[in-house]
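Examination of the molecular architecture
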Amino acid sequence: MDVIRLLAIRDSALSLDEVFAAVGDHAAGGTALFVGTVRDHDHGKPVARLSYSAHPSAEEQLHRVAEKVAADFPVTALAAVHRVGDLKLGDIAVIVAVACPHRQEAFAASRRLIDDLKAEVPIWKNQLFADGTTEWVGACE
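What you see is a predicted model; the values in this text were computed from it and never measured.

Regarding the overall build of the protein
When you go through the protein residue by residue, the secondary structure sums to three helices and nine strands. Secondary structure elements of the protein occur, N-terminal to C-terminal, as β-α-β-β-β-α-β-β-β-α-β-β. For 141 residues, the compact-globule formula gives about 14 Å, and the C-alpha radius of gyration of the protein, at 15 Å, lands near that figure. Principal axes of the C-alpha set define a box for the protein whose edges measure 50 × 25 × 25 Å. Looking at the protein as a whole, 43% of its 141 residues are labelled buried. Across the protein, every contact between residues at least 6 apart in sequence was considered, and the portion connecting residues at least 24 apart equals 71%. Between the centroid of the 14 positive side chains of the protein and the centroid of its 20 negative side chains there is a distance of 3 Å.

And the structure:
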């Protein structure tokens, strides 16, 4: 069975329950989840809302990132979903989850998964600040 259980870029609300269920595995002693949410500030400026856009190749790039993490860690199950479209404060923008035999491996693999997702997957964020100004930020840093 493939350890990559769920990968998606969606324009609808993300579900913690769906992601957690996707990585359920009796061989795993540790499961780590990371949830990224829309915060109310950035660089000292109040954020009103934001919007994410993804390149058409984003899911393919996400799969490559997931494959690398699965190859470098003893992953028993892995999932990652990222939202696109308009989001409001508190909305979930991204969820990654990794199950491994031990907690330390799960923590390390999930950190690598979110870090590599942000560095390599072509997803961009347009922030609308409370003062009406906007800023494009490359999630692919």
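Don't stop here, the text continues.
Considerations on the sheet that holds strand β2 (residues 30-37)
With respect to topology, four strands assemble into an open sheet ordered β1-β5-β7-β2, the strand pairing being mixed. The open sheet terminates on both sides in strands that have one partner only, identified here as β1 (4-10) and β2. Direction aside, the axes of adjacent strands within the sheet are offset by 5° on average. Where β2 and strand β7 (residues 92-100) come together, eight bridges link them in antiparallel fashion. Bridge pairing in β7 places T37 opposite I92. Along the sheet, helix α2 (residues 58-72) contacts β1 and β5 (77-83); its crossing angle with β1, the most-contacted strand, is approximately 150°. Contacts from helix α3 (residues 103-120) reach β2, β5 and β7, with the element oriented near 145° to β7.

Quick look at the pattern of salt bridges
Inspection of every chain in the model, using the stated rule, returns 10 salt bridges. Between R39 and D42 there is a salt bridge, and its shortest N-O distance comes to 2.9 Å. We classify D42 as buried; its relative accessible area is 8%. D91 is the salt-bridge partner of K88, the closest N and O atoms lying 3.2 Å from each other.

Thoughts on the side chain of Q127
Looking at where Q127 falls in the secondary structure, it is placed in strand β8 (residues 123-129). Using a relative accessible area of 3% as the deciding quantity, one classes Q127 as buried. Within polar-contact distance, the side chain of Q127 engages the side chain of D42 at 2.8 Å. Q127 has contacts with D42, V47, R49, L50, T133, T134, E135 and V137, leaving out every residue within four places of it along the chain.

Each value, and the rule that gives it
- Residues numbered from 1 in each chain as written.
- Predicted model: local features only at pLDDT ≥ 70, side-chain atom pairs only at ≥ 80, totals over all residues.
- Heavy atoms only, no water.
- Helix = DSSP H or I, 4+ residues; strand = E, 2+ residues; numbered from the N terminus.
- Rg over C-alpha atoms; globule rule 2.2 N^0.38 Å.
- Buried < 20%, exposed > 50% of the residue type's maximum accessible area, 1.4 Å probe, protein only.
- Contact = heavy atoms within 4.5 Å.
- Lys, Arg positive; Asp, Glu negative; His and termini not counted.
- Charge placed at Lys NZ, Arg CZ, Asp CG, Glu CD.
- Pairing = 2+ DSSP bridges.
- Axes fitted to C-alpha atoms, helices over the stretch in contact; angles between N-to-C directions.
- Salt bridge = Lys/Arg side-chain N within 4 Å of Asp/Glu carboxyl O.
- Polar contact = N/O pair within 3.5 Å; in protein donor to acceptor, adjacent residues only side chain to side chain.

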